[in-house]
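Observations on chain architecture
This is what each chain is made of:
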Amino acid sequence: MKKGLLFLAGFVLASCPVRAQIVLDSVVVSATYPEGKQDLSVDVRRWTEKDRQAGKDIPYLLELAPGIVSYSDNGTNMGSTSFRIRGVDPGRTNIRIDGIPLNDAESQSVFWVNIPSLGMMTQRLAIQRGAGSTAFGTAAFGGAVDIYTGYPADKASAYFTGAYGSFNTRQAGLALSTGKLFNTVAFDGQYYRQSGDGYLDRSGSRQQSARIGAGWTGKTYFLKATFLYGEEHSRLSFDGVPYDSLETNRRYNMSGQYTDANGRTQFYENEMDNYRQTHAQLHYRQQLGGRWMLNAALHYTKGLGYYEQYKQNRKLSDYGIPPQNVDGATYPKSDLIRRKGLDNDFYGTQLSALYTDNKWQLNLSAGANRYVGGHTGKIMWVQRNAGGIEYDRLWYDNTGIKSETNLFAKAAYNITRSWSVFGDLQYRYVNFNLYGQDDDYFEYPEGFLDKTYIWHFVNPQIGVTFRPNTAHQAYLSFALLNREPNRSDLKNTERNRITAETLYDMETGYRFHCGSFTAGVNLYYMYYRDQLVATGRVNDSYRTIMENAPKSYRAGVELSAAMRFEWVKIEGNLSLSRNKLLDYTNYVYLSDYSAQWEEHFTSVDIAYSPPVVGAFIVQAEPVKRLQLTIAAKYVGKQYYDNTGSADRMLNAYFPVNFNVDYTFDIHPVHCFLQLVVNNIFDIKYASSAFVYDRTVNAAGLTDYQDRRYFPQAGINGMLKAGIRF
């Protein structure tokens, strides 16, 4: 592993490095990123047929980009997956689909499992690291990802795809396009199904998704409508694998486990997450003369679902149920089955006006969004029931309403042919109201949530670019961003004292491009006030518990390079960073919060922030239409809490994947075959972990006995095929 890392570092350092993402076919999305800024940190990739065939969730399609670490609950690249950019958790990375925020308004995360096969519906994708360019939605504290589904094609086509692989993974899909009809209107549609058993025991999923698009083109306008549907039924695996099982049974999934009346270990069959999400968008673009363009969008997202769990020997009082007298004995505890449900609506509008001439590029925008999220809990069954407990009874019921108004202006100005400057200024008004009874309502006065939060944020950004010719570019930028905490943090404010956070981000770098060689370097310093950092602990719903760190920073260098020879292309990137909490106090609680300790640190590594992340890719085309790819990802050691303890550290890992792609034509059909072998050296590693319970050892010190890990699959493969008419 060390030799591989040294080879990667040597290649990149010898090649005059770049801030750009390691991708091909960069394009400009000027409506979102002004000309002066887009070359600094935005890398837009045209999605190829190979990308759509990959069958991976978006986090794993991005894992070879600089500074990105992808991870999965069930150990595969399909299902409950996510990623971090520069160590920043996914709840503070902005994701947009066709310009509309995809992040859940309350949790601020994106649950990729809700929209399976989204990568197959994508035409291009942009990644920005660091303080994201001002756009609709919350400020990007780690980075931003923009997904573009594109417009219906001008020519009619049909595409069929199928795949089968390890862990009984199956995928099938169909894509149709009418082409442009009457030289004005075009329609397209896609449908995909996938299922698999997962790497961990009983961690499989069944998913389906569909997209319907329509576009109308006039002389000076364009109208686009998109309908996107996702549905998933996934067995729960977010309990993780206990530390003592990693060596003996690394696929052990304890979710739903219980002991029956005869002392035998059983697993609850309906320990599953079931969710449907529907997106509807309408976009209108109008050209006014040669310099102005108006854009307007309406959107609506509906989410509905629940997950069910078997809980053993739980206090009935925690569920509002009195002790039960059964057969002459009183039981304060019992096994039970609970169901937690979500019913949410997110809707809004966006307006923007763009102006472009030889000197200026302006974007004036406004938007308003509203989110209404219902949370319910039901008790479906109680083992010790004296007869007075009704099943399907309501346990809790609460609502979150979040309204947001977003105003921003950004401009880029070409001072000379070589020098340009840019600036962003965003104002956000956020009103977030929580009310009703929650699952842990007993910790609140009178048993109810009743909180209203109001924020006013002003987020400026400035920068300068020097581009003497097409081969060289240097840049410098500074941003000040603010953003609010999420729902699960806010409802525990009395205990954790959660506040909004502020980021000061300075970035500078140089890029070189000449012929088939591209290289560059980017330096960044991100100083945070009250940064929300993961504690390494989770709550009863397995959501990460966050807390404010008064002072902290992330600083690093990002290197990348690419060289194309006659039939071989070599790419690589390397991110080296320091991620520190300063003057930090870690509050340690027992699992029932009956006791608390304080641990003070003057400088300690931030959780889930590896100091070394790199990728290396070799693509060869020895004969026409046959492509061989070796892709390796290195992730250095990282801690999963903020104490820097070796007991709570994930070891470095370096998996290598191998692909064989072959295309051929049987007129009029274009055919595609792909063999994928992941983790070809069968290394054993875990991509994430957390601490669940704390106890006190004999010396009176806190002892983290219940550490849970998410091991990833060893060597595994998939065979894929597709045909296009």
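Residues numbered from 1 in each chain as written. Predicted model: local features only at pLDDT ≥ 70, side-chain atom pairs only at ≥ 80, totals over all residues. Heavy atoms only, no water.

**Some points on the overall build of the chain**
Let me state the cut-off plainly: Strands here are runs of E lasting at least two residues and helices are runs of H or I lasting at least four, both read from the DSSP assignment and numbered beginning at the N terminus. The buried label goes to any residue with under 20% of its type's maximum accessible area, the exposed label to any with over 50%, and the partly exposed label to all in between, with areas taken from a 1.4 Å probe on protein chains only. Contacts are assigned to residue pairs that have any heavy atoms within 4.5 Å of one another. Only the protein chains shown count as covering a residue, and every accessible area follows the Shrake-Rupley method with a 1.4 Å probe.
Secondary structure summary: the chain contains six helices and 39 strands in total. The burial tally for the chain puts 58% of its 725 residues in the buried class. Long-range contacts, defined as pairs at least 24 residues apart, comprise 67% of the intrachain contacts of the chain with a sequence gap of at least 6. When the accessible surface of the chain is summed, it comes to about 29900 Å², and 58% of that surface belongs to carbon and sulfur atoms.

**Quick notes on the pairing of strand E23 (residues 419-437)**
For a regular strand, side-chain orientation follows a simple rule: the groups alternate between the two sheet faces. Short version of the rule: The pairing criterion for strands is at least two bridges between them, as found by DSSP.
The pairing of strand E22 (residues 393-414) with E23 spans 18 bridges and is antiparallel. Residue Ile401 lies in a different strand from E23, and its bridge partner there is Asn433. Counting the residues that bridge the hairpin from E22 to E23 gives four residues. Relative to strand E24 (residues 449-469), E23 runs antiparallel, the two sharing 18 bridges. Within E24, the residue paired with Asn433 across the bridge is Thr452.

**Section: the pairing of strand E9 (residues 169-178)**
Of the two faces of E9, only the one carrying Thr169, Gln171, Gly173, Ala175 and Ser177 is buried; Arg170, Ala172, Leu174, Leu176 and Thr178 on the other face are not. The pairing of E9 with strand E10 (residues 185-196) spans eight bridges and is antiparallel. The residue of E10 that forms the bridge with Arg170 is Ser195. Where E9 folds back on E10, the antiparallel hairpin that results is connected by six residues, among which Gly179 adopts a positive phi of roughly 75 degrees.

**Brief notes about the pattern of salt bridges**
Operational definition: By definition here, a salt bridge exists when the distance from a side-chain nitrogen of Lys or Arg to a carboxyl oxygen of Asp or Glu is within 4 Å.
Inspection of every chain in the model, using the stated rule, returns 26 salt bridges. A salt bridge links Glu484 to Lys402, with the shortest nitrogen-to-oxygen separation between them at 2.8 Å. Residue Glu484 is found in the loop between strand E25 (472-483) and helix H5 (487-490), and its partner Lys402 is found in strand E22; the two are separated by 82 residues along the sequence. Across the pair, exposure class does not vary: Glu484 and Lys402 are buried alike. Among the salt bridges present, the one from Lys580 reaches Asp605, with a minimum N-O distance of 2.6 Å. Here the residue Lys580 occupies a position in strand E29 (residues 568-589), and Asp605 occupies one in strand E30 (residues 596-605), the gap between them amounting to 25 residues. Judged by its relative accessible area of 13%, Lys580 is buried.

**Observations regarding unusual backbone geometry**
Here the bond from His667 into Pro668 is cis, since omega is 5 degrees, no more than 30 degrees from zero. Position of Pro668 relative to the elements: it lies in the loop between strand E35 (656-666) and strand E36 (669-678). Positive phi, normally seen in glycine, also occurs at Phe167, with a value near 60 degrees. Summarising the element assignment, Phe167 is placed in the loop between strand E8 (156-165) and E9. The phi dihedral of Asn168 falls on the positive side, at around 60 degrees, and the residue is not glycine. By the secondary structure assignment, Asn168 is in the loop between E8 and E9.

**Considering the packing of aromatic side chains**
Here the distance between the centres and the angle between the planes together describe a pair of aromatic rings. Selection rule: By convention, a stacked pair of Phe, Tyr or Trp rings (six-membered ring in the case of Trp) has centres within 6.5 Å and planes under 30 degrees apart, an edge-to-face pair has planes over 60 apart, and any other such pair is tilted. Ring-over charges, as used throughout, are those where CZ of Arg or NZ of Lys falls within 6 Å of the ring centre and within 35 degrees of the ring normal.
Across all of its chains, the model carries 28 aromatic pairs by this definition. Plain terms: the ring middles of Tyr258 and Tyr310 are 4.0 Å apart, the flat faces sit at 20 degrees to each other, and that makes the pair stacked. Placement of the pair is Tyr258 in strand E14 (residues 257-259) and Tyr310 in strand E17 (residues 292-315), with a sequence separation of 52 residues. The burial state of Tyr258 is the same as that of Tyr310; both residues are buried. The interplanar angle of 5 degrees and the centroid separation of 5.8 Å between the aromatic rings of Tyr453 and Trp455 together place this pair among those described as stacked. Classification of Trp455 by relative accessible area gives buried; the value is 12%. Grouped by ring-pair contacts, the aromatic residues Tyr258, Tyr268, Tyr310 and Trp381 constitute a single cluster. Taking NZ or CZ as reference, Arg707 lies 4.2 Å from the ring centre of Tyr243, over its face.

**Topic: the nonpolar core**
We count it as follows: Among the buried residues, those of types Ala, Val, Leu, Ile, Met, Phe, Trp, Tyr and Cys that are joined through side-chain atoms within 4.5 Å form a nonpolar core.
Among the nonpolar cores identified, the biggest contains 26 residues, and Tyr542, Tyr608, Tyr640, Leu650, Phe690 and Tyr709 are the most heavily contacted of them. For this core, the secondary structure elements donating two or more residues are strand E27 (517-538), strand E37 (686-696) and strand E38 (702-711). With five residues, E37 is the single largest residue contributor to this core. Ile68, Ile95, Trp112 and Met121 belong to the second-largest nonpolar core, a separate cluster that totals 24 residues.

**Overview of the environment of Asp424**
Here Asp424 shows up in strand E23. Expressed as a C-alpha distance, the spacing of Asp424 and Gln461, which sit 37 residues apart in the sequence, is 4.9 Å.

**Some points on the environment of Arg235**
In this fold, Arg235 is placed in strand E12 (residues 221-235). Judged by its relative accessible area of 26%, Arg235 is partly exposed. Linking Arg235 and Asn274, residues 39 residues apart in sequence, is a C-alpha distance of 8.9 Å. If we skip the residues at most four places from it in the chain, Arg235 touches Arg202, Ser203, Gly204, Glu269, Glu271 and Met272.

The values are spatial; any link to function lies outside them.
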